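Examination of the molecular architecture
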Amino acid sequence: MRSASFDRHEVIEKIMNAFWEHGYEATSIQVLEAATGLKRQSLYNAFGNKDAMFQLASERYHHAVSAKLMALLDQDDPKAAVTGFFAAQLEVLVDADQPAGCVVAAGQQELANRDESELGQHMVSLIGEQYAALTAAFERWKRAGRLTPDADPQALAAIVMSQLRGQSVLGRSAASRPIITRTAHTLPALLDRFIAPA
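Everything quoted here is computed from the prediction, not taken from an experiment. (Residues numbered from 1 in each chain as written. Predicted model: local features only at pLDDT ≥ 70, side-chain atom pairs only at ≥ 80, totals over all residues. Heavy atoms only, no water.)

The next point concerns the nonpolar core. With 53 residues, the main nonpolar core has Ile-15, Leu-43, Tyr-61 and Phe-138 as its most contacted residues. When residues no more than four places from it in sequence are discounted, the contact partners of Leu-43 are Val-11, Ile-15, Ile-29, Leu-32, Glu-33, Thr-36, Leu-38, Gly-48 and Met-53. (Core = buried A, V, L, I, M, F, W, Y, C linked by side-chain atoms within 4.5 Å. Buried < 20%, exposed > 50% of the residue type's maximum accessible area, 1.4 Å probe, protein only. Contact = heavy atoms within 4.5 Å.)

Turning next to the packing of aromatic side chains. Within this structure, the stated rule accounts for 7 aromatic pairs. Between Phe-19 and Tyr-24, the ring centres sit 6.3 Å apart and the planes meet at 10°, which makes this aromatic pair stacked. Classification of Tyr-24 by relative accessible area gives buried; the value is 6%. Measuring from centroid to centroid gives 4.9 Å for Phe-19 and Phe-54, while their planes differ by 85°, and the two rings are edge-to-face. Here Phe-54 lies in helix H4 (residues 50-71) and Phe-19 lies in helix H1 (residues 8-26), a separation of 35 residues in the sequence. Under the relative-accessibility criterion, Phe-19 is labelled buried at 2%. Clustering of aromatic rings is evident, with ring pairs tying together Phe-19, Tyr-24 and Phe-54. (Phe/Tyr/Trp six-rings, centres within 6.5 Å; stacked < 30°, edge-to-face > 60°. Helix = DSSP H or I, 4+ residues; strand = E, 2+ residues; numbered from the N terminus.)

What follows concerns the environment of Leu-170. With respect to the helices and strands, the residue Leu-170 is situated in helix H8 (residues 153-170). Along the chain, Leu-170 and Phe-194 lie 24 residues apart, while their C-alpha atoms are 27 Å from each other.

Our focus in this paragraph is the packing of H1 against helix H3 (residues 40-47). In contact at an axis separation of 12 Å, H1 and H3 are set at 110° when each is read in the N-to-C sense. Judged by the inter-axis angle, H1 sits roughly perpendicular to H3. Where H1 abuts H3, its residues Arg-8, Val-11, Ile-12 and Ile-15 lie against Leu-43, Ala-46 and Phe-47. (Axes fitted to C-alpha atoms, helices over the stretch in contact; angles between N-to-C directions. Parallel < 35°, antiparallel > 145°, perpendicular 65-115°, else oblique.)

Here it is as C-alpha cells:
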C-alpha cells in the first residue's frame, strides 16, 4: 500500500481550524476538502468519518490551546494564576489570526444532545478534565494556606469553569469583545474574598 503523501500533523491542524471556524454541524466534507486540499476518500481513509475527525480536532485544540492555559495555574499565587489564566484566554479569543471562540466549548454546545455517543462522551471527558484540573489547583492553594478556611475548591473551580465556557461562547462574536474583556479583567478581583491574607 502506498503511504500517504501528506503531513498528518499539518492536515489535522487544518481540520482543527475548519471545525474551529465553522463549528461541528456546518463543517461539511466539502469544507474539509477545501481546508486540507485532500479528497474525501483520502480524508476518510486517513482520519475516519466526520466524528473521528472532529475528535482529532478537539484533541489537537486541547493540547495546543487548553493545556497551555491550564499550565498557567501551576504557580503558588492563586490571584496571579487566575489573572494570568483569563488574560491568556482573552488573547486567544481576540486573536485576529485564528478563528473565534473555542473548539471544545462550541463542540459541547452542538453535541449536547449526543451525550450517549462516543463523540459526545469524548467532549464530556474534555470538560471533565478541565474542571478536575481547576479543582486540583484550588485544592493545592488551600492546602498551602493561600485561600481562606471557608474557601470551597470545587465551588471556586465551578465559577472559573463557568466563566471560561461563557467567555469561549461569547468570544465567537466580535460584538461581545467588550464584554469578555471586562470579564477577564474583573473576575480575578471577585476571588479576593477567598484569598488568605499574606
